[in-house]
Amino acid sequence: MMPLSAVAVVGAGNMGGAILARLRDLGWSVAVNDTDARAHAQAVALGAVHCSSAEHAAKALAPQGVLLVAVVDAAQTDSVLWGKGGACAHLQPGQCVMLCPTLGPATVELQAQRLALQGVDCMDAPMSGGPLRAREGRMSLMVACSDTVWTRHQSLLNALSDQVFHVGNRVGDGARTKLVNNLLAAVNLAGAAEALALAERLGLAPAATLSVIEASSGQSWIGSDRMHRALAGDLVPRAHVSLLAKDTGLALQAAEDVAFDPPLGRIARELFAQALQQGWADLDDAALLQLMRQR
């Protein structure tokens with residue numbers, strides 16, 4: 001029999017794959033399951049234990065192990081945990097589920113409640129920063145969990161990143177923090193794309209303009225990261241248009257739930273909806289520059 005793994009990663013795409021690669025570099029025992037054959041094979045080639053399903057991944061998990069869920073949305077998360085071949089059929093008390101997708105707070109709270117009925121802990125731990133920073137251990141993790149769970153899994157959290165924030169004990173606050181962050185990211189990205197499209201229309205060299213912005217008051221991390229790619233015509237997805245489109249919708253729903261009207265957020269959501277209408281869901285969200293060029 002193979003030794004049990006300290007971590008089982010379900011979802012080894014851009015972010016999950018980068019996390020898995022980092023853990024393997026650091027010598028962690030990792031099991032993996034991904035429905036995408038290519039992503040799964042790449043993870044196994046790094047030394048991860050092949051698992052044919054999320055249920056199999058749970059079976060491969062050590063008694064105090066962590067099932068790290070790095071899929072796209074609430075539907076996929078629910079399927080991984082509770083669907084046919086889902087992990088929860090074999091998760092045991094003392095184990096922990098680490099929820100890394102961007103989800104609505106109510107979704108996270110419900111998952112935590114269901115897991116608690118099995119004696120399984122939950123870390124609400126959305127991530128930000130992109131695959132390169134995840135691979136290098138520099139992504140940000142917004143963790144909400146009890147102090148006990150936080151302390152128990154410090155070694156894993158420290159392995160994953162040097163930017164780990166314990167944002168609260170209330171599961172769901174990680175999701176809330178991520179939605180606030182991503183709403184600002186969407187607004188900043190839309191602003192950067194708008195500014196560079198205007199620079200081009202004014203006859204300025206966009207690369208030179210971007211250099212000025214990066215040394216001046218208009219600088220933003222996401223603007224620099226995405227606009228360099230956009231100007232190079234590189235729209236290979238590191239962060240799909242569909243993701244920020246989803247996240248802005250979740251953020252505005254969270255705002256509505258507390259009777260807050262975010263006018264810039266509404267504009268950003270509309271711009272990402274327009275990008276989806278262009279058929280750009282699977283492009284990198286740097287494609288927002290193309291949208292602004294059409295105005």
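Residues numbered from 1 in each chain as written. Predicted model: local features only at pLDDT ≥ 70, side-chain atom pairs only at ≥ 80, totals over all residues. Heavy atoms only, no water.

Colleague: So what about the overall build of the protein chain? Which residues, and what values?
Modeller: Helix and strand counts for the protein chain stand at 14 helices and nine strands. Computed over its C-alpha atoms, the radius of gyration of the protein chain comes to 20 Å, within 12% of the 19 Å expected for a compact globule of 295 residues. Considering only C-alpha atoms, the protein chain reaches an extent of 65 × 45 × 35 Å along its principal axes. For the protein chain, with 295 residues in total, the buried portion stands at 50%. Counted over contacts in the protein chain with a minimum sequence separation of 6, partners at least 24 positions apart contribute 66%. Accessible surface for the protein chain amounts to roughly 13300 Å². Of this, 56% is attributable to carbon and sulfur atoms. Separation of charge centres in the protein chain, based on 22 positive and 26 negative side chains, amounts to 3 Å. (Helix = DSSP H or I, 4+ residues; strand = E, 2+ residues; numbered from the N terminus. Rg over C-alpha atoms; globule rule 2.2 N^0.38 Å. Buried < 20%, exposed > 50% of the residue type's maximum accessible area, 1.4 Å probe, protein only. Contact = heavy atoms within 4.5 Å. Areas by Shrake-Rupley, 256 points an atom, 1.4 Å probe, with all protein chains shown as cover. Lys, Arg positive; Asp, Glu negative; His and termini not counted. Charge placed at Lys NZ, Arg CZ, Asp CG, Glu CD.)

Colleague: Just give me the short version of the packing of aromatic side chains, but keep the residues and values in it.
Modeller: Throughout the structure, instances matching the rule amount to zero aromatic pairs. Geometry around Trp82 places Arg114 over its ring, the cationic atom sitting 4.0 Å from the centre. A cation over an aromatic ring shows up here: Arg133 above the ring of Trp221, its NZ or CZ 5.0 Å from the ring centre. (Phe/Tyr/Trp six-rings, centres within 6.5 Å; stacked < 30°, edge-to-face > 60°. Lys NZ or Arg CZ within 6 Å of the ring centre and 35° of its normal.)

Colleague: A description of the pairing of strand S4 (residues 61-69) should follow, citing residues and the corresponding values.
Modeller: Every regular strand shows the same layout, with side chains that alternate between the two sheet faces. Burial analysis of S4 places seven of its nine residues in the buried class, which makes it a mostly covered element. Here five bridges tie strand S1 (residues 5-10) to S4, and the two strands are oriented parallel to one another. Bridging across to S4, Val7 finds its partner in Val66. Sheet topology note: the S4/strand S5 (residues 96-99) ladder contains four bridges and is parallel. Bridged to Val66 within S5 is Cys96. Regarding topology, helix H4 (residues 74-82) serves as the crossover connection from S4 to the parallel S5, and that connection is right-handed. (Pairing = 2+ DSSP bridges. Right-handed = clockwise from strand over helix to strand, strands pointing away.)

Colleague: Go over the pattern of salt bridges, please, and point to the residues and values.
Modeller: Any two side chains of opposite charge can pair, so long as their charged atoms come close to each other. Following the criterion strictly, the structure yields 15 salt bridges and no others. Across the salt bridge formed by Arg135 and Asp25, the nearest N and O atoms sit 2.7 Å from each other. With Arg135 in helix H6 (residues 131-135) and Asp25 in helix H1 (residues 14-25), this pair connects stretches of sequence that are 110 residues apart. Classification of Arg135 as partly exposed rests on a relative accessible area of 32%. For the salt bridge of Arg152 with Asp121, the shortest nitrogen-to-oxygen distance reads 2.6 Å. Remark: Asp121 occurs in strand S6 (residues 121-124) and Arg152 occurs in helix H7 (residues 147-152); sequence separation between them is 31 residues. Classification of Arg152 by relative accessible area gives partly exposed; the value is 38%. Taken together, the salt bridges that share partners define one network made up of Asp225, Arg226, Arg229, Asp284 and Asp285. (Salt bridge = Lys/Arg side-chain N within 4 Å of Asp/Glu carboxyl O.)

Colleague: Describe the nonpolar core, and please don't skip the residues or the numbers.
Modeller: One recurring pattern in soluble globular proteins is that nonpolar side chains are buried together. Within the largest apolar cluster, 34 residues are counted, with the highest numbers of intra-cluster contacts made by Leu23, Leu68, Met98, Leu141, Val143 and Leu160. Broken down by secondary-structure element, the contributors of at least two residues to this core are S1, H1, strand S2 (30-33), S4, S5, strand S8 (140-144), H7 and helix H8 (154-160). Examining the composition of this core, we find that five residues originate from one element, H1, more than from any other. In contact with Val143, not counting residues within four places along its chain, are Met123, Asp124, Ala125, Trp150, Leu157, Val164, Phe165, His166, Val167 and Gly168. Ala31, Ala60, Leu81 and Ala175 belong to the second largest nonpolar core, which has 28 residues in total. (Core = buried A, V, L, I, M, F, W, Y, C linked by side-chain atoms within 4.5 Å.)

Colleague: With reference to specific residues and values, describe a nonpolar patch on the surface.
Modeller: On the surface, a cluster of nonpolar side chains totalling about 310 Å² of accessible area is made up of Leu198, Leu202 and Leu204. On the secondary structure map, Leu202 appears in the loop between helix H9 (173-201) and helix H10 (206-214). Given the relative accessible area of 60%, Leu202 is considered exposed. (Patch = residues over 30% accessible without salt bridge, like charges linked within 9 Å, V, L, I, M, F, W, Y side chains within 5 Å.)

Colleague: Before we move on, can you summarise the packing of H4 against helix H5 (residues 105-116) with the specific residues and values?
Modeller: In contact at an axis separation of 11 Å, H4 and H5 are set at 5 degrees when each is read in the N-to-C sense. If you check the angle between H4 and H5, you find them roughly parallel. Two secondary-structure elements touch here, H4 through Ala74, Thr77, Asp78, Leu81 and Trp82 and H5 through Thr107, Gln111, Arg114 and Leu115. Here the contact of H4 with H5 is built from residues that sort into four nonpolar, three polar and two charged. (Axes fitted to C-alpha atoms, helices over the stretch in contact; angles between N-to-C directions. Parallel < 35°, antiparallel > 145°, perpendicular 65-115°, else oblique. Nonpolar A, V, L, I, M, F, W, Y, C, P; charged D, E, K, R; others polar.)

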